[in-house]
Amino acid sequence: MFFHHLKNFSPYSGHIYDDMRVSSVHKKSGHLGKKDSRFDLIDKLGYFPFRELIRDGKAYFISDTDLYDFLNMKESTSVDYTNESYGEWDIKQKEIFELCFFDGYNEGVSTFELNLGVSYPALPHEQKVQYLKVFCLHCLDFLYFDGDLDKDLFYNLGYLQASLYRGFIEINNINSSLPEGSPGLRLHFDSHLKVVEISKVPEKENPAIVKAELVEQPEPEKSTPVIETSPSLAFPRIELMCDLEEVKAIWRVLTAPMNTSKGKEEAALSNKELTDFLGSAFSSNAFPQILKRPENPFVKRTSRGDMRSVLNALMYSTYNLNHEYNRSVNQIEYVTSLKRHFPVFDGSKPESIKNVISTNALKGMKVIKESQPINPHIEEMLSILKKHKLLH
């Protein structure tokens, strides 16, 4: 249990107040509150999802944009907020709560190890990373600013923000020390704005930051149906916040033969088709250059029967991998994407596919396992699912 010692904070329901009602501030330009999106917890070189706020020569790293904007309020931006209880709202009122936030932040930085518990240091590196991800997600559950003006609330928000920041850094540091691990964060970035600046460099000038095997890029097969559409008419994509390389590895099994009840079936997708499918079905706000939307939405015909079950298994695995990090997307959206990209599901409604996807996933996994002798990608896929305890 985390943060049980914080004043006026419930680890189950979040922040509570001494009074039933507290004053609140409103932003004229839009809604203040919890956003559906979360930043990625994956260790990727150069990814630093915090904005830097400097006060008295000290840096505070803040992930919630509404909270950052409020704390960074200046005379010129104070007019963007309204408040009924305080009467005349100005920047001096903000400074009262800002100090509470900084007090909580400083305390959170110094007591980070205390929150992790006495058993944490004894865990092996891999288990530490998983434990820290749970810890960070717990922070994110309550780390949002909805306008309530309460001193204890701001203290707790500062405490949670510092805990999230230190947890994020610790995950990256541990990952960088593991065999085959990445070099970790480039902490010499001056600020969040520096990261944004680098992300805007054209791809041909931006060195690759993710290891990937070189694959052939053959032309699409003539039998592949293509839907002509402009980017503005493209379908919405599911944001992946899990490890993108693991998702790619799972779907890569479609680029090699499969043993089905009809006998040996050749690869369902070419390497280019796989890239187009992943870019058409999924996105990554953290790493948009990795999952690029193709010029035309991807659609591919496959055989029915066992291959339909395999597709169910792959999408169900993707849902389970991503759900740990992006809880704002429900299962019906994954099913809708499956139906949209593979005409083999045309005869079924998304709701009916959702009702049987877990059952069909089991059938599909059986086909996948039996195809292991002829499919070089299946071993890696199975190891990923076992790692996440999705397969025994």
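Residues numbered from 1 in each chain as written. Predicted model: local features only at pLDDT ≥ 70, side-chain atom pairs only at ≥ 80, totals over all residues. Heavy atoms only, no water.

### Here's the deal with the overall build of the chain
When helices and strands are tallied, the chain shows 12 helices and 10 strands. Counting across all 392 residues of the chain, residues that qualify as buried make up 50%. In the chain, once contacts between residues fewer than 6 apart in sequence are set aside, the share between residues at least 24 apart is 73%. For the chain, the exposed surface amounts to about 20300 Å²; the carbon and sulfur share of it is 52%. (Helix = DSSP H or I, 4+ residues; strand = E, 2+ residues; numbered from the N terminus. Buried < 20%, exposed > 50% of the residue type's maximum accessible area, 1.4 Å probe, protein only. Contact = heavy atoms within 4.5 Å. Areas by Shrake-Rupley, 256 points an atom, 1.4 Å probe, with all protein chains shown as cover.)

### Description of the environment of Ser78
Mapping Ser78 onto the fold places it in the loop between helix 1 (65-71) and strand 6 (81-83). Sequence-wise, Ser78 and Lys27 are 51 residues apart; in three dimensions their C-alpha atoms are separated by 9.6 Å.

### A look at the packing of helix 4 (residues 125-142) against helix 5 (residues 151-177)
Where helix 4 contacts helix 5, the axes come no closer than 9 Å and their chain directions differ by 155°. In terms of axis orientation, helix 4 runs roughly antiparallel to helix 5. The chirality of how helix 4 crosses helix 5 is left-handed. On helix 5, the residues touching His125, Lys128, Val129, Leu132, Lys133, Phe135, Cys136, Cys139, Leu140 and Phe142 of helix 4 are Leu157, Leu160, Ser163, Leu164, Gly167, Phe168, Glu170, Ile171, Ile174, Asn175 and Ser177. Here the residues of the contact of helix 4 with helix 5 are counted per class, giving 13 nonpolar, five polar and three charged. (Axes fitted to C-alpha atoms, helices over the stretch in contact; angles between N-to-C directions. Parallel < 35°, antiparallel > 145°, perpendicular 65-115°, else oblique. Left-handed = near helix turned anticlockwise from the far one by under 90°. Nonpolar A, V, L, I, M, F, W, Y, C, P; charged D, E, K, R; others polar.)

### Describing the environment of Pro350
In this structure, Pro350 sits in helix 11 (residues 350-370). Pro350 sits in the buried class, given a relative accessible area of 18%. With 17 residues separating them along the chain, Pro350 and Glu333 place their C-alpha atoms 8.5 Å apart. Ignoring anything within four residues of it in the chain, the contact list for Pro350 reads Ile332, Val335, Thr336 and Lys339.

### Structural notes on the packing of aromatic side chains
Counted under the stated rule, the structure contains 28 aromatic pairs. Here Phe2 and Phe3 contribute two aromatic rings whose centre-to-centre distance is 6.2 Å and whose plane-to-plane angle is 50°, an arrangement assigned as tilted. When its relative accessible area of 10% is taken as the criterion, Phe2 is described as buried. The buried category is assigned to Phe3, whose relative accessible area is 0%. The interplanar angle of 50° and the centroid separation of 5.6 Å between the aromatic rings of Phe3 and Phe135 together place this pair among those described as tilted. One end of the pair, Phe3, is in the segment before strand 1 (9-10); the other, Phe135, is in helix 4, and 132 residues separate them in sequence. The two residues Phe3 and Phe135 agree in class, both being buried. (Phe/Tyr/Trp six-rings, centres within 6.5 Å; stacked < 30°, edge-to-face > 60°.)

### Focus: the pattern of salt bridges
For the structure on display, the rule yields 12 salt bridges. Of the charged contacts, one joins Glu246 and Lys387 as a salt bridge, the two residues approaching to 2.9 Å between their closest N and O atoms. Pair noted here: Glu246 is in helix 7 (residues 244-251) and Lys387 is in helix 12 (residues 378-387), with a separation of 141 residues, a long-range link. The exposure class assigned to Glu246 is buried, which follows from its relative accessible area of 9%. Connected via shared salt-bridge partners are Lys27, Arg51 and Asp69. (Salt bridge = Lys/Arg side-chain N within 4 Å of Asp/Glu carboxyl O.)

### A look at the nonpolar core
Counting 51 residues, the largest nonpolar core has Trp251, Leu254, Phe277, Phe282, Leu314 and Phe342 as the members making the most contacts within it. The set of elements that each furnish at least two residues to this core consists of helix 7, helix 8 (271-281), helix 9 (306-323), helix 10 (331-341), helix 11 and helix 12. By residue number, the principal contributor to this core is helix 9, which donates eight residues. Among residues more than four places away in sequence, those in contact with Phe282 are Arg237, Ile238, Leu240, Trp251, Phe277, Leu291, Met315 and Thr318. (Core = buried A, V, L, I, M, F, W, Y, C linked by side-chain atoms within 4.5 Å.)

### What about the environment of Val367?
Counting through the fold element by element, Val367 comes out in helix 11. On the basis of relative accessibility, which here comes to 8%, the residue Val367 falls in the buried class. As for Val367 and Thr260, which are separated by 107 residues in sequence, their C-alpha atoms are 6.4 Å apart. When residues no more than four places from it in sequence are discounted, the contact partners of Val367 are Met258, Asn259, Thr260, Asp306 and Val310.

### Quick notes on the packing of helix 10 against helix 11
Their axes nearest at 9 Å, the elements helix 10 and helix 11 cross at an angle of 110°. With respect to each other, helix 10 and helix 11 are oriented roughly perpendicular. Handedness of the helix 10/helix 11 crossing: right-handed. Contacts between helix 10 and helix 11 involve Gln331, Ile332, Val335, Thr336 and Lys339 from the former and Pro350, Glu351, Ile353, Lys354 and Ile357 from the latter.

### A short note on the pairing of strand 4 (residues 51-55)
Bridge analysis of strand 4 against strand 5 (residues 58-62) gives five bridges, and the strand direction is antiparallel. Looking across to strand 5, one finds that Glu52 is bridged to Phe61. Hairpin geometry of strand 4 and strand 5 is characterised by an intervening segment of two residues between the two adjacent antiparallel strands and by a positive phi of about 50° at Asp56. (Pairing = 2+ DSSP bridges.)

### Remarks on the side chain of Ser348
Looking at the element boundaries, Ser348 is found in the loop between helix 10 and helix 11. Classification of Ser348 by relative accessible area gives buried; the value is 16%. Polar side-chain contacts of Ser348 include one of 2.9 Å to the side chain of Arg308. Beyond its immediate stretch of four places on either side in the chain, Ser348 contacts Arg308, Lys339 and Ile353. (Polar contact = N/O pair within 3.5 Å; in protein donor to acceptor, adjacent residues only side chain to side chain.)

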